[in-house]
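In case you want the letters, here they are:
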Amino acid sequence: MIKENQVFYKSRSVVWRRENDKELIVRYNDTFLHLNETASLIFHYCEGMNLIQIAECLRQYGIPDSKNLTEAISGFLKTLLKEKLITTELHRNIISGDYFLQKQEYTHTDFITPKLNIFRIGCTNYSRFTRPAAPLRIFLTLTYDCNLQCKTCYNDSLAHMSPRASTDTVIRIINKIKISGVLEVILTGGEPFSRPDIFQIIDYILLNGISLRVNTNGLLLTDDYITELKKRKVVIITLGLDGVSEKTHDTIRGKGNFKKVVAIMKKLSAADINLYVNFTVTHRNFFELFKLKKFLKGFHVSRIIINVFISSGKGYAYRTTFALRKVEYALILFSRLFNFAVSKPDMIIVTSCYAGYIEANIDTSGSFFFCELLKKPLGNVLEKDIKAIWNSRKLLKLMDADTFGTPCGKCFFRKSCRGVCRAEVFSATGDMYAGNPYCIRGKAVNWFVKTLLR
């Protein structure tokens, strides 16, 4: 029950942008939400106002004064509270930017029911979330240098090594990212902490009101670095872990690295740093996936991200060793549903591809990629606007499964899966637009149709 005198504020870690003249896209906790016109207005006024005050503000736009208005606002405020986009606790919002147009630009007189469409990472329903006008998330590859040579790595450093870009160049790229309206940047590599200017880059991203995560193997996180991260509480550290045993983890990442990463996890937990764990599930560590939550209970891990192994980059050479078997992949899909139904929302099993849909990759040369696994540049952001590349024919073609080869081009499921991982297809075939040779569902449907037509 929403009380009339209850005051609302935007949550500290919420970031948002204007998607068009009257609507917003909001990001919170690996969830993107599209708010319609009225929903955007209600969210906008959740900054020290109560229900009655918000209703009065909406009446300024010509919305009729009625009981239904207050009831609709109250119901939507409950939704925002449930989604943790707003709070009743007074605080100073640290990393948000308000991109609202001035109120005189709102000219509607009919009340539009407040509505949000939710896009949860790992639990995607593409039909409910229109592709945005610009990427919501950018993976920014800071360097191809790395202190490890992991067997499942998608970055083949020998083939794609490039000179380390200057800090000024990285800042120019961040400025371009900011202008395009990106809500989240994930720093990746290589190893981001191999750059001596890493905290200068981190601070500049935060200064621009962009949510930030850093993907790292953790082995370069000295005590001084951990102290610096503790000062920047809004930064999320995503640590790579490939097994809950020394034998499994070190098979992929090198001898002695399991003990090192566990020691780093203890230090990060003790420093109360917002910590995610990234677990790439393979044939070799498949059964350890089900022991992962129990293993991590002793650490302050707020989220576990489960990625399926993709045989791209360095990983292609080890595809027969690490690729999931069909039955294992089927169990992963089942586990995803099971986890969603009965578990706390601290584990995300990612089996869908978001490249070109909400996210893309940029490296420090300014090259813009469809995804961080597919190193075929579609343009350069230092020379061209990000939105222009995002909406270019080259990129959109990579999302149009109708143009792909067999079995994707005529598959019944092509609109929902979009030919899945283009990087894996390219690694196997040398053609970005080929049909997916690993697809089981599409081949089964094609066989069934041909059988019926005989």
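Above this text sits the structure in question.
Now for a quick tour of the structure. These figures come from a predicted structure and were not determined experimentally.

A tally of helices and strands in the protein yields 17 helices and 17 strands. When burial is assessed residue by residue, the protein has 53% of its 454 residues classed as buried. Nonlocal contacts in the protein, meaning residues at least 24 apart in sequence, comprise 71% of its contacts between residues at least 6 apart. By element, 55% of the accessible surface of the protein is carried by carbon and sulfur atoms, the whole surface being about 21300 Å².

Spatially, S5-S1-S6 is the arrangement adopted by the three strands of the open sheet, whose pairing is antiparallel. Among the strands making up the open sheet, the edge pair consists of strand S5 (47-50) and strand S6 (86-87). Strands in contact with helix H2 (residues 51-59) are strand S1 (7-10) and S5; relative to S5, the strand with the most contacts, it is inclined by about 95°.

Turning our attention to the sheet that holds strand S14 (residues 347-350). Here ten strands make up an open sheet; going across it, the order is S14-S13-S12-S11-S10-S9-S8-S15-S16-S17 and the pairing mixed. Two strands bound the open sheet, and with one partner strand each, they are S14 and strand S17 (379-380). Both strand S11 (residues 236-240) and strand S12 (residues 275-281) contribute to a ladder of four bridges, which runs parallel. Pairing of Leu239 across the sheet is with Val277, part of S12.

What follows covers the nonpolar core. Membership of the largest hydrophobic core comes to 88 residues, with the highest contact counts inside it found for Leu187 and Phe368. Ile2, Ala39, Ile42 and Ile86 belong to the second-largest nonpolar core, a separate cluster that totals 30 residues.

This part is about the environment of Glu383. With respect to the helices and strands, the residue Glu383 is situated in the loop between S17 and helix H13 (386-390). Residues Glu383 and Ser367, 16 residues apart in the sequence, show an inter-C-alpha distance of 9.6 Å.

Another point: unusual backbone geometry. In this chain, Gly189 is followed by Gly190 through a cis amide linkage whose omega measures 20°. Along the chain, Gly190 falls in the loop between strand S9 (184-188) and helix H6 (198-207). That bond from Thr406 to Pro407 is cis: its omega, 10°, falls within 30 degrees of zero. For Pro407, the location among the structural elements is in the loop between helix H14 (393-397) and helix H15 (414-417). Positive phi, close to 65°, is recorded for Lys84, a residue that is not glycine.

Let us look at the packing of helix H8 (residues 246-253) against helix H9 (residues 257-270). Helix-helix packing is characterised by the crossing angle of the two axes and by the distance between the axes. Taken N-terminus to C-terminus, the directions of H8 and H9 make an angle of 105°; their axes are 8 Å apart at the nearest point. In terms of their interaxial angle, H8 and H9 are classed as roughly perpendicular. Contacts between H8 and H9 involve Glu246, His249, Asp250 and Arg253 from the former and Asn257, Phe258, Lys259 and Val261 from the latter. In the contact of H8 with H9, the residues fall into two nonpolar, two polar and four charged.

Basis of the calculations
Residues numbered from 1 in each chain as written. Predicted model: local features only at pLDDT ≥ 70, side-chain atom pairs only at ≥ 80, totals over all residues. Heavy atoms only, no water. Helix = DSSP H or I, 4+ residues; strand = E, 2+ residues; numbered from the N terminus. Buried < 20%, exposed > 50% of the residue type's maximum accessible area, 1.4 Å probe, protein only. Contact = heavy atoms within 4.5 Å. Areas by Shrake-Rupley, 256 points an atom, 1.4 Å probe, with all protein chains shown as cover. Pairing = 2+ DSSP bridges. Axes fitted to C-alpha atoms, helices over the stretch in contact; angles between N-to-C directions. Core = buried A, V, L, I, M, F, W, Y, C linked by side-chain atoms within 4.5 Å. Parallel < 35°, antiparallel > 145°, perpendicular 65-115°, else oblique. Nonpolar A, V, L, I, M, F, W, Y, C, P; charged D, E, K, R; others polar.

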